[in-house]
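# Coordinates in review
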Amino acid sequence: MNSPAPEPVQLSEHEMASQSLTKPTAAAALLHIERALSGTGDWQSAHAHIRQAAAGPIDSAPHTGLYYGAPAIAFVLHAANTGKPRYQAAARTLDKHVARLAQRRLATAAERMRRRVPAAFAEYDLFRGLTGLGALLLLRAPGSDLLGAVLSYLAALTKPRRVDGVELPGWWVDHDPDPLMPTPGGHVNLGLAHGAAGLLALLSLASLRGCTVPGQTDAIDTLGGWFDQWRQDSADGTWWPQWLTRDDLRTGHTAQPGPGRPSWCYGTAGIARAQQLAALATNDPVRRGIAEKAMAECLTGQHLQNITDAGLCHGMAGVYQTAYRASLDAATPAIGHRLPALAAALTQHAATDQDDAAGLLTGAAGVGLALETARHTTPPRSGWDACLLIT
């Protein structure tokens, strides 16, 4: 494996793509690692895919995150270390670059907070931001001061600020959730990929593993309060908005007319799993019951009709993997009872809807990983779904 590239460096498109979990090369490495560990594949193929992902200069510049560059390759090597310690030295080398990256990103975030300007997804979210780096540190350096600093940052991010007469949460962004979905004046995101559920999941997972800092429990309670406030109880079941605008906050009502697709990234499945983790972390049986009921409800045919593709991000693979993890911690068998039907739906989607050119989130590699879970009905040996913040 090549060392991380010195900064600045001009990487080719191929070199950049190979070290991104959103592209085929690194995502395929995770799939072949999982198959080698489960016995449905071999280590020769896994090693070949790992070498392809780590062959070129590895980007460790400030724009890298859990899904791209040094952190992404470190995550792949961590997954491989479960069965093959040959990658430990390389992973430790990357750990140093990840630590420097996290320190730099924390300093940048602190300066942004000092200037009292809004955050952006790239600062804090799972894919590119400090939540993703925190997820990696929870795996690689769970007792470190650096993880503690990330948790302290996330706790601070939950504190509100008042702007133009409206109280906004600290993770409010002044950009759109998607260029095709404008939210003039900004929005507050509730999803697992880019919003409150991601913050809640990481803070809760850290607490469950004994990694805590002052203010962490208060932050979990604050985020839980947001989900309590915006929970929608309807004939369609319990659901939460994907995001909220200034008008939503001002009126106290969401403009979203009903539940969207129950996806991992923005939907009820991901949000419910984050709240289940929070309930486990704080020993809150009421929140646990609400979260698990919402999860079970969103796994019915009526809701699943809104799932139109196979992928992890907003497709059936993500729904299955999230529900599977939730079922292992559930107080009742309701979620587990729905897994066989979900597995059948995933298999059907996979047979007709796979994009080999895409990566972990929207392509065949992510679908293949969820199918491995469905086939074996056991947790992934490599722990690959830690990058989804559901475990």
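No experiment lies behind these values; they were computed from the predicted model shown. (Residues numbered from 1 in each chain as written. Predicted model: local features only at pLDDT ≥ 70, side-chain atom pairs only at ≥ 80, totals over all residues. Heavy atoms only, no water.)

### A few points about the environment of Leu 342
On the secondary structure map, Leu 342 appears in helix 17 (residues 339-352). Along the primary structure Leu 342 and Val 117 are separated by 225 residues, whereas in three dimensions their C-alpha atoms are 43 Å apart. Look past the residues within four positions of Leu 342 in its chain and what remains in contact with it is Leu 299, Leu 304, Met 316, Val 319, Tyr 320 and Ala 323. (Helix = DSSP H or I, 4+ residues; strand = E, 2+ residues; numbered from the N terminus. Contact = heavy atoms within 4.5 Å.)

### Focus: the packing of aromatic side chains
Under the criterion given, the structure shown has seven aromatic pairs. Judged by centre distance (5.5 Å) and plane angle (65°), the rings of Trp 171 and Trp 226 are edge-to-face. Here Trp 171, found in the loop between strand 2 (166-168) and strand 3 (188-189), pairs with Trp 226, found in helix 10 (residues 216-230); they are 55 residues apart in sequence, far enough to count as distant. Under the relative-accessibility criterion, Trp 226 is labelled buried at 13%. What links up through ring pairs into an aromatic cluster is the set Tyr 67, Phe 127 and Trp 264. (Phe/Tyr/Trp six-rings, centres within 6.5 Å; stacked < 30°, edge-to-face > 60°. Buried < 20%, exposed > 50% of the residue type's maximum accessible area, 1.4 Å probe, protein only.)

### Quick word on helix 5 (residues 88-114)
Taking 1.5 Å per residue, 27 residues should reach 39 Å; helix 5 reaches 38 Å between its end C-alpha atoms and fits that length. Residues of helix 5 that are buried: Ala 90, Ala 91, Leu 94, His 97, Val 98, Leu 101, Ala 102, Arg 105, Leu 106, Ala 109 and Arg 112. The elements touched by buried residues of helix 5 are helix 4 (70-81), helix 6 (121-124), helix 7 (130-140) and helix 8 (145-157). Positive phi appears at Arg 116, one or two residues downstream of helix 5, with a value of about 60°. (Expected span 1.5 Å × (residues − 1).)

### Some remarks on helix 7
Most of helix 7 sits out of view: nine of its eleven residues are buried. Buried residues belonging to helix 7 abut helix 4, helix 5, helix 6, helix 8 and helix 9 (196-208).

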